[in-house]
Amino acid sequence: MKIKTQIAMVLNLDKCIGCHTCSVTCKNVWTSRKGMEYAWWNNVETKPGPGYPKKWEDQDKYRGGWVRTKDGSTTLRLGNRPKVMSQLFSNPYLPQVSDYYEPFTFAFSSLKGKRRLKTPPSARPFSMITGKQMDKVKDGPNWEDDLAGTFDERKSDPNLNGIDTQGFEEFERTFMFYVPRLCEHCLHPACIPSCPSGAIYKRKDGVVLINQDRCRGWRQCVSACPYKKIYFNHQRMKSEKCVFCYPRIEDGQPTVCSETCVGRMRYLGVILYDAEKIDDYAAADERELVSRQREMILDPNDPTVIAEAERQGISHNYILAAQKSPTYKMMKEWAIAFPLHPEYRTLPMVWYVPAMSPKKEKLSEEEQKADSSNTTEMDYFAKVDDMRIPAQYFANLLTAGDPQPIRQALAKLVALRAFMRRKTVDGVEHPDVPEALGLSAEQYDDMYRLLAIANYEDRFVIPSAPKQQGSHHFDERTGLGFDDEEQNFVEGCKRHNLFAGR
Ligand code: SF4
Ligand code: SF4
């Protein structure tokens, strides 16, 4: 067992209000400079929809992530090393500016002036690439926001595969929810081995960074990242990506997107995992990818794990933080959070709790009364199946197509509401809990505290890092691997012949 640490994020989709505060604060802090006008390290998509860049989930188009080989290992979908090298100067799998959007601003200066006008002044849009006036703004990073546009455009979302979409174009029967996205700081990242210069690396705390001195702008990582979360800066000719606000993390503070989240739907915490299992679990059968990834996460309260972690030099404050980690609870203990597109096999570390949704059909008044009074005998799964967002949609997004784990998680959330209603409205001190869902009354209490009313210190449990893990990494580290002395990931990549040995 090789124990490693990771700062993981969980986003509770039920609480995202789509305000885009996270995206704007991230942009202000990290990408408000030349060459990054089009780039949103954090963006919020309305689903169903093609997303940003357009159709980023279409891996036939972009060739991101890993695929399983016949011998049961994994290889980059982009191709093996000779293939990657052969397309250095003409990579056909890169998103174009039009797949993102042409960044624009407005001529705000035209709004002020001494001249009196007969009509209110208007600020014309200008391209931030050419500097020329644009006739019309035709696209943006959240163009389908709040169901804007026609269903025909949203229909290109591959997560709708296998779902009967009839009726979804009608306002009364359609559905939508928000998915905030950022770099997943994966355990088996596709970006790292795709880089011909070895400029991308993973730190001890799990943050994936690009060494800007080593980056030569080959852009293979842009294709290889299946989440399209590496952006090329055409001014600096370097690739850039989310840095998980590492200077704040080192200081024990949450990322800017988490700190400023209006819905308080983001959680950050440490998880301990067994790095020896990475190769095996990334190559698991598609239906087992989520359960395997959960298996990889170790119980930080298990005395054997604690002793082994201490023996391997993991600092005590990291172990303590892992024991209090909100992300551990949601990812492993309660199993209500899921990785985004596990079938890309990158073992992502930003997980999502699926959103609840209203019933498909409006209830009559009598039905409403019966529905809210009948809290103890309700059939939780029937309620889940009656929700407007099909479980299959979440399954295509979060569990490689298997709706069962999603139904289980949503049933737990329905049961939680019933449990708390019995307790707070009916005054029943020890409400029955559905044993079939595998959670105790104490766990429902705990879940309620974390999901509904969590304070800042409950949502973000981040140990401050020892200084040597800090700022020098960005400039001085030599590249791939978890750290200099532990090269198992590097060796794994060499086995797959995926990057230039150094
Ligand atoms: S999500 Fe981040 S860590 Fe994962 S492959 Fe993409 S850039 Fe790399
Ligand atoms: S700030 Fe929070 S609530 Fe607002 S869009 Fe971002 S994740 Fe959602």
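Residues numbered from 1 in each chain as written. Chains lettered and ligands numbered in written order. Predicted model: local features only at pLDDT ≥ 70, side-chain atom pairs only at ≥ 80, totals over all residues. Heavy atoms only, no water.

## Here we look at the overall build of the protein
Then step 1. Counting secondary structure elements, the protein contains 22 helices and 16 strands.
Then step 2. Put simply, the protein shows about 22,500 Å² of open surface, and 49% of that area lies on carbon and sulfur atoms. (Helix = DSSP H or I, 4+ residues; strand = E, 2+ residues; numbered from the N terminus. Areas by Shrake-Rupley, 256 points an atom, 1.4 Å probe, with all protein chains shown as cover.)

## With respect to the site of ligand 1
Then step 1. Surrounding ligand 1, one finds Cys183, Glu184, His185, Cys186, Pro189, Ala190, Cys191, Val208, Cys225, Tyr227, Ile230 and Lys241.
Then step 2. Placement of ligand 1 is best described as lying within the largest cavity.
Then step 3. A class-by-class count of the residues in the shell around ligand 1 yields nine nonpolar, one polar and two charged. (Near = heavy atom within 4 Å. 1 Å grid on protein atoms, 1.4 Å probe; cavity = no way out; pocket = protein on both sides within 12 Å on 5 of 7 lines; lining within 4 Å. Sits in = over half its atoms within 2 Å of the grid points. Nonpolar A, V, L, I, M, F, W, Y, C, P; charged D, E, K, R; others polar.)

## Quick notes on the nonpolar core
Then step 1. If you look at the biggest cluster of nonpolar residues, it comprises 129 residues, and the most contacted ones within it are Phe177, Ile200, Phe244, Met330, Met331, Ile336 and Met447.
Then step 2. Counting residues per element, this core draws most heavily on helix H18 (residues 403-424), which supplies 11 residues.
Then step 3. When sequence neighbours within four positions are dropped, the list of residues in contact with Ile336 reads Met330, Tyr352, Val353, Pro354, Ala409, Lys412, Leu413, Met447 and Leu451.
Then step 4. Core analysis: the second largest hydrophobic core is formed by seven residues, Trp66, Leu76, Val84 and Tyr93 among them. (Core = buried A, V, L, I, M, F, W, Y, C linked by side-chain atoms within 4.5 Å. Buried < 20%, exposed > 50% of the residue type's maximum accessible area, 1.4 Å probe, protein only. Contact = heavy atoms within 4.5 Å.)

## With respect to the side chain of Lys54
Then step 1. The topology assignment puts Lys54 in the loop between strand E2 (43-47) and helix H2 (59-62).
Then step 2. A distance of 3.2 Å separates the side chain of Lys54 from the side chain of Asp139, its partner in a polar contact.
Then step 3. For Lys54, the residues in contact, after removing those within four places along its chain, are Lys61, Tyr62, Asp99, Asp139, Gly140 and Glu144. (Polar contact = N/O pair within 3.5 Å; in protein donor to acceptor, adjacent residues only side chain to side chain.)

## Observations regarding the packing of aromatic side chains
Then step 1. Overall, the coordinates contain 20 aromatic pairs when judged by the stated rule.
Then step 2. Seen in terms of ring centroids, Phe175 and Tyr393 are 5.5 Å apart; in terms of plane orientation they differ by 70°. Their pairing is edge-to-face. In this pair, Phe175 sits in the loop between helix H5 (151-154) and strand E7 (177-181) while Tyr393 sits in helix H17 (residues 391-398), placing the two residues 218 residues apart along the sequence. This pair shows no difference in class: Phe175 is buried, exactly as Tyr393 is.
Then step 3. Relative to Tyr393, the ring of Phe177 lies with its centre 5.7 Å away and its plane at 85°, an arrangement referred to as edge-to-face. Remark: Tyr393 occurs in helix H17 and Phe177 occurs in strand E7; sequence separation between them is 216 residues.
Then step 4. Exposure remark for Phe177: the relative accessible area of 5% places this residue in the buried category.
Then step 5. Judged by relative accessible area, Tyr393 falls into the buried class, the value being 0%.
Then step 6. The side chain of Arg181 reaches across the aromatic face of Trp56, ending 3.6 Å from its centre.
Then step 7. One cation-aromatic arrangement involves Arg219 over Phe232; the distance from NZ or CZ to the ring centre is 4.2 Å. (Phe/Tyr/Trp six-rings, centres within 6.5 Å; stacked < 30°, edge-to-face > 60°. Lys NZ or Arg CZ within 6 Å of the ring centre and 35° of its normal.)

These figures capture arrangement, not role.
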